[in-house]
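Structural overview for review
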Amino acid sequence: MSSGWFTNLLNCRLCINGELVDDQMVVSDDTGLILKRTGFIGGDAVDLEGAIVAPGFLELQTNGMRGFHFTHFEDEEQYAKELDKVANYLVTVGVTGFWATIPTVTAEKFQKILPSLKPRTIPESASLLGAHCEGPYLHPTKKGAHNASLFQDPSTAPAASIYGASNLSTSVKLITLAPELPGAVPLTRSLTAQNIAVSLGHSSASYDAGAAALAAGATCLTHTLNAMAPLHHRNPGLAGLVAAPATAPSAPAPYHCIIPDGQHLHPAVAALLFRANPSRCILVSDSVELAGQPDGVYPGHAQIPHAQRKAGARATIDDGSDTLVGGCASLAECVQNLMRWTGCGVAQAV
């Protein structure tokens, strides 16, 4: 601990609001919090010799890594230990907060898992920020690696019956749904009224159906163009919302997530989506439990009952279909890819 109660980090470049700023950083020795950068005299000083200092990454979509998938649930104690291991690993690759993604499973499985995903701080690790439920309100024509037999319509399967009412008020922070399903728009209104964010994905929806969901409170697109209708010049689909002006007086263009791992999107397409609306673009890894593991074939699990093959950053169902099941690249690698593919600077990519 410093006798001056704070430490000055000098000669560094700070990533602030998409710009690289030459400045110092002041950190409280008592709390570890970053303080205002001016008005401090004394304290310890550390010369960072021009190093870049960036905020920690926030991972909006990760299904697991290092051999653990977030649908792997035996009991609360073991699950918490595995979550802690993931959180401990994530901070070593620059992630300081994550939403654990639970893809389509049964209602019983959702309700077993979600109580363990309440937001919590994990010492010396990335913080668990809650759950991202990717399903079961998805469209079967865009099922991706999800089990379509478990899909539900919002009009006949209320959210409380799927996730559990108490989990909606504690653990669930984001839900991906297909806006063209019956009852999707009323469900969006209900969820956003409960401070649960809604993202649109695994969908064949038209541009107009997406715009209606945005007007009802949806604010994001899930892994844009993956498991989604393609961008057509006359029928743009959900992806056309990326650069749209306000679709309604209270509905700006959504945030749009992309997976810039070189597998889910061609580099030119990733660059196009980023440049269309840089301030609304969110990088995600969509990692699965194969991330951080050696290449090879691995068994399935609750979401994907088929063997899976990992080859570098590519993870596919090992049934000859070559269906992508998720990502194996880290967010840091995604940031590096975006810089290389678009020419943007490190601060903007961060």
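Residues numbered from 1 in each chain as written. Predicted model: local features only at pLDDT ≥ 70, side-chain atom pairs only at ≥ 80, totals over all residues. Heavy atoms only, no water.

1. Some words on the layout of surface pockets
- Taken as a whole, the largest pocket encloses approximately 600 Å³ of empty space.
- Around the largest pocket, the lining is made up of 25 residues, and of these Cys 281, Ile 282, Leu 283, Ala 349 and Val 350 lie nearest the centre.
- Counting residues per element, the ones that place at least two in the lining of the largest pocket are β1 (6-16), β6 (57-62), β15 (281-283), α8 (331-342) and α9 (346-349).
- Class assignment for the residues of the lining of the largest pocket results in 19 nonpolar, five polar and one charged.
- Shared between two domains, the lining of the largest pocket holds at least three residues of each, these being domain 1 (6-53) and domain 2 (57-348).
- When its volume is computed, the second largest pocket comes out at roughly 260 Å³.
- Lining the second largest pocket are 16 residues, and of these Gly 144, Ala 145, His 202, His 264 and Leu 324 lie nearest its centre.
- For the lining of the second largest pocket, the element with the most residues is strand β19 (residues 324-327), which contributes three residues.
- Tallied by class, the residues present in the lining of the second largest pocket amount to five nonpolar, nine polar and two charged. (1 Å grid on protein atoms, 1.4 Å probe; cavity = no way out; pocket = protein on both sides within 12 Å on 5 of 7 lines; lining within 4 Å. Points joined across faces, edges and corners; volume = space filled by probe spheres on them. Helix = DSSP H or I, 4+ residues; strand = E, 2+ residues; numbered from the N terminus. Nonpolar A, V, L, I, M, F, W, Y, C, P; charged D, E, K, R; others polar. Domains from an automatic or database assignment.)

2. Brief notes about the UniProt feature "binding site: Zn(2+)" (unreviewed entry) in the chain
- Here the UniProt-annotated "binding site: Zn(2+)" (unreviewed entry) positions come out as Glu 134, His 202 and His 223. In three dimensions, the annotated residues from a span of 90 residues occupy one location, with a maximal C-alpha spread of 11.1 Å. Checked against the lining of the second largest pocket, the annotated residues reduce to Glu 134, His 202 and His 223.
- Among the secondary structure elements, Glu 134 is positioned in strand β10 (residues 127-134).
- Glu 134 sits in the buried class, given a relative accessible area of 3%.
- In contact with Glu 134, other than residues within four places in its own chain, are Gln 61, Asn 63, Thr 101, Ile 102, Pro 103, Thr 104, His 146, Thr 176, His 202, Thr 222 and His 223.
- If you trace the backbone, His 223 turns up in the loop between β13 (220-221) and β14 (255-258).
- Ignoring any residue separated from it by four or fewer positions in sequence, one finds His 223 in contact with Gln 61, Glu 134, His 202, Met 228, Cys 257, Ile 259 and Asp 286. (UniProt positions renumbered as here; feature names shortened; annotations may be inferred. Buried < 20%, exposed > 50% of the residue type's maximum accessible area, 1.4 Å probe, protein only. Contact = heavy atoms within 4.5 Å.)

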